[in-house]
Protein chains: 2
Amino acid sequence: MQLAAHPHQPDYSPRQNAVLDSALRLLVDGGEKALTTAGVARAANCSKESLYKWFGDRDGLLSAMIGYQASKVRTFEDNAEALTADTLREHLVLFARDLLEVLAGDVSLALNRLAIGQASREGSKLGSMLQERGRRQVGKRAGALLEAGRNAGLLAFDDRDEAYDTLYGLIVSDLHLRMLLGEDSGRMAKDFGRRAERAVSAFLRLYGREKGSVEP
Amino acid sequence: MQLAAHPHQPDYSPRQNAVLDSALRLLVDGGEKALTTAGVARAANCSKESLYKWFGDRDGLLSAMIGYQASKVRTFEDNAEALTADTLREHLVLFARDLLEVLAGDVSLALNRLAIGQASREGSKLGSMLQERGRRQVGKRAGALLEAGRNAGLLAFDDRDEAYDTLYGLIVSDLHLRMLLGEDSGRMAKDFGRRAERAVSAFLRLYGREKGSVEP
DNA sequence: CATTCACAGTACCGTACGGTACGGTTCGCT
DNA sequence: AGCGAACCGTACCGTACGGTACTGTGAATG
């Protein structure tokens, strides 16, 4: 959401990034159907010919949009200091809230809808791109957190991926899908804090080594 | 998947149901883009004019497809007999496996993709239809199961919906979304059994009243 | 047999979109 | 000044799709 600290264009020029921004905005508040080449060109004040020169074809544009957005939301590494039970919980709750807010973001929702829509066609790499750049990134942060918790003797698990899968499920459940299906995400955004607390509490009850947990 | 026991067409004639079947098949192995009115008419050996007479317009056809499919997968009520810790666990595992298999079904995936694709447009009721007919149905079965478990003194929870949300998250996590994004669902179908066991074990550790649980 | 109904098949229309081509303009370089 | 690259704006083309109208046909109904 924030950050434009260092210039990061491994792929495209600033001008092209601006075009991708316009395209993303168009996608967000119009859906895929609104994302026409002519529409993008008009919204970005560029010519269709340039679009095709830069991105090849429409699918190339879509891929570029995903790559661009992924490069923007690079998750910050929270370097775990000395972990206690409380700080671990704190970090986990923070992670959970961040995750929920990312998933509920309109750009994220729009891109996921787009990729899902393309998933039926064969060659579509969009799904795996989102998967790779999105979840894998977030998963790395969570994985590091879990690993640190285990090293500090606060968590107990054999398979880190399995533990992360559990954590993810506890946090998100089917909320993401419901939002993708159109359920008003703003209305439920208020509960993210509570939901994050709940999920982390449950996760710690499952994987935590402290016996004392918070109970009502 | 099975069952054609009693004739159940609250909505459409057999002929029309056959057309909807063709449309579903078309959707499954071609995606939304392949689902053209001409294509449906050709596949079902009917005329476009009849399609429009029966279903109004393309959106009507989509709605009818969802309603028709929902009427087919009506979940059976497993009337819970006297519950013990073991039978409860058994029922939960069975539920979890059924849930995973339904979600992994190609018709389910195709319809979810369709509804998600339409979710951006305003008037689209498809998302809520799927939500209502799909999850709510399944949720009723799970809810009854959870309630029975609580009444038998085997489960402890205050909010049934919250407990169900947790159960759902433990079972599914982001698997559904990954499949919607195109990850090969057949490859992971083999793990459904193990996954169901894991999820139910975790759920019982969270909400079960028996202190003795299975441990490795 | 005549009439009507439901439907298939097909031709048709308007439109919207992906992709291409071209004229005109700006800007940097020599 | 001259030149060329990049690029905008627009016009254009082919096609595909949603939706409508028309014709033919077979089966029921009187």
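Residues numbered from 1 in each chain as written. Chains lettered and ligands numbered in written order. Predicted model: local features only at pLDDT ≥ 70, side-chain atom pairs only at ≥ 80, totals over all residues. Heavy atoms only, no water.

## Comments concerning the protein's contact with DNA strand D
Taken together, 14 residues sit near DNA strand D, with R15(A), S50(A), K48(B), E49(B) and R58(B) positioned nearest. Close to the protein, within 4 Å, the atoms of DNA strand D are drawn from sugar and phosphate at a rate of 55%. At 2.8 Å from a phosphate oxygen of DNA strand D is found a side-chain nitrogen or oxygen belonging to S50(A). Between a phosphate oxygen of DNA strand D and a side-chain N or O atom of W54(A), the distance comes to 3.5 Å. Looking at the surface near DNA strand D, the elements that each hand over two or more residues are α4 (48–55) of chain A together with α4 (48–55) of chain B. In terms of residue class, the surface near DNA strand D is made up of 3 nonpolar, 5 polar and 6 charged. (Near = heavy atom within 4 Å. Polar contact = N/O pair within 3.5 Å; in protein donor to acceptor, adjacent residues only side chain to side chain. Helix = DSSP H or I, 4+ residues; strand = E, 2+ residues; numbered from the N terminus. Nonpolar A, V, L, I, M, F, W, Y, C, P; charged D, E, K, R; others polar.)

## Thoughts on the UniProt feature "domain: HTH tetR-type" (unreviewed entry) in chain A
Within this structure's numbering, the places UniProt gives as "domain: HTH tetR-type" (unreviewed entry) are residues 13–73 of chain A. Counted over residues 13–73 of chain A, helix gives 82% and strand 0%. Its end C-alpha atoms are 18 Å apart. (UniProt positions renumbered as here; feature names shortened; annotations may be inferred.)

## Brief notes about the packing of helix α6 (residues 85–104) of chain A against helix α9 (residues 160–172) of chain A
Pairs of packed helices are described in terms of their axes, by the angle between the two and the distance that separates them. Residues and elements named next belong to chain A. Between α6 and α9, the least distance of the axes is 10 Å, while the angle of their chain directions is 60 degrees. Read as a crossing pair, α6 and α9 show a hand that is right-handed. On the side of α6, the interface is formed by L92, F95, A96, L99, L100 and L103, while α9 contributes Y164, L167, Y168, I171 and V172. Class assignment of the residues belonging to the contact of α6 with α9 gives a composition of 11 nonpolar, no polar and no charged. (Axes fitted to C-alpha atoms, helices over the stretch in contact; angles between N-to-C directions. Left-handed = near helix turned anticlockwise from the far one by under 90°. Contact = heavy atoms within 4.5 Å.)

## Details of the interface of chain A and chain B
With 35 residues of chain A at the contact, the number on the chain B side is 35 residues. Each partner contributes to the roughly 3,100 Å² buried at the junction of chain A and chain B, and carbon and sulfur atoms together form 57% of this total. Sorting the residues of chain A by area buried against chain B places I116(A), L181(A) and L206(A) first, and these three jointly supply 21% of that buried surface. The interface formed by chain A and chain B includes 10 salt bridges. E162(A) is paired through a salt bridge with R194(B); the nearest N and O atoms lie 3.5 Å apart. The tally of links between chain A and chain B comes to 8 residue pairs in polar contact (both at pLDDT 80 or more). Taken together, the residues of the side of chain A that touches chain B break down into 11 nonpolar, 10 polar and 14 charged. (Buried area = accessible area lost by both parts, 1.4 Å probe. Salt bridge = Lys/Arg side-chain N within 4 Å of Asp/Glu carboxyl O.)

## With respect to the environment of R160(B)
All names here are of chain B. Relative to the helices and strands, R160 resides in helix α9 (residues 160–172). Along the chain, R160 and A104 lie 56 residues apart, while their C-alpha atoms are 25 Å from each other. Setting aside anything within four residues of it in sequence, one finds R160 in contact with G143, L146 and E147. One polar contact links R160 to E147, side chain to side chain, over a distance of 3.3 Å.

## Overview of the packing of aromatic side chains
Any aromatic ring pair is given by two values, namely how distant the centres are and how the planes are angled relative to each other. All names here are of chain A. One pass over the structure, following the stated rule, counts 10 aromatic pairs over all chains. Aromatic side chains Y164 and Y168 sit 6.1 Å apart centroid to centroid with 85 degrees between the ring planes, which places their arrangement in the edge-to-face category. Taken together, the positions of Y164 and Y168, both in helix α9 and 4 residues apart, correspond to about one turn of that helix. The same class applies to Y164 as to Y168, namely buried. Site record: aromatic cluster; members linked through ring pairs are Y12, W54 and F55. Its end group placed over the ring of Y168, R135 keeps NZ or CZ at 5.1 Å from the ring centre. (Phe/Tyr/Trp six-rings, centres within 6.5 Å; stacked < 30°, edge-to-face > 60°. Buried < 20%, exposed > 50% of the residue type's maximum accessible area, 1.4 Å probe, protein only. Lys NZ or Arg CZ within 6 Å of the ring centre and 35° of its normal.)

## Remarks on the side chain of N112(A)
Secondary-structure assignment places N112(A) in helix α7 (residues 106–118). Among the residues examined, N112(A) registers a relative accessible area of 8% and is labelled buried. Those residues in contact with N112(A), other than ones at most four positions away along the chain, are L130(A), H176(A), L180(A), L177(B) and L181(B).

## Quick notes on α9(A)
The first and last C-alpha atoms of α9(A) sit 18 Å apart over 13 residues, in line with the 18 Å expected at 1.5 Å per residue. By the criterion of burial, α9(A) is predominantly enclosed, with 10 of the 13 residues buried. Those residues of α9(A) not exposed but buried are A163(A), Y164(A), D165(A), T166(A), L167(A), Y168(A), G169(A), L170(A), I171(A) and V172(A). Contact partners of the buried residues in α9(A): α6, α8 (126–151), α10 (175–180) and α12 (192–207) of chain A together with α9 and α12 (192–207) of chain B. Capping the start of α9(A), D159(A) holds a side-chain oxygen 2.9 Å from the backbone nitrogen of D161(A), two or three residues further along. A positive phi of about 50 degrees marks S173(A), the residue just after α9(A). (Expected span 1.5 Å × (residues − 1).)

## Considerations on the UniProt feature "DNA-binding region" (unreviewed entry) in chain A
UniProt's feature table lists "DNA-binding region" (unreviewed entry) at residues 36–55 of chain A, given in the numbering used throughout. From the first C-alpha to the last, residues 36–55 of chain A spans 14 Å; its make-up is 80% helix and 0% strand.

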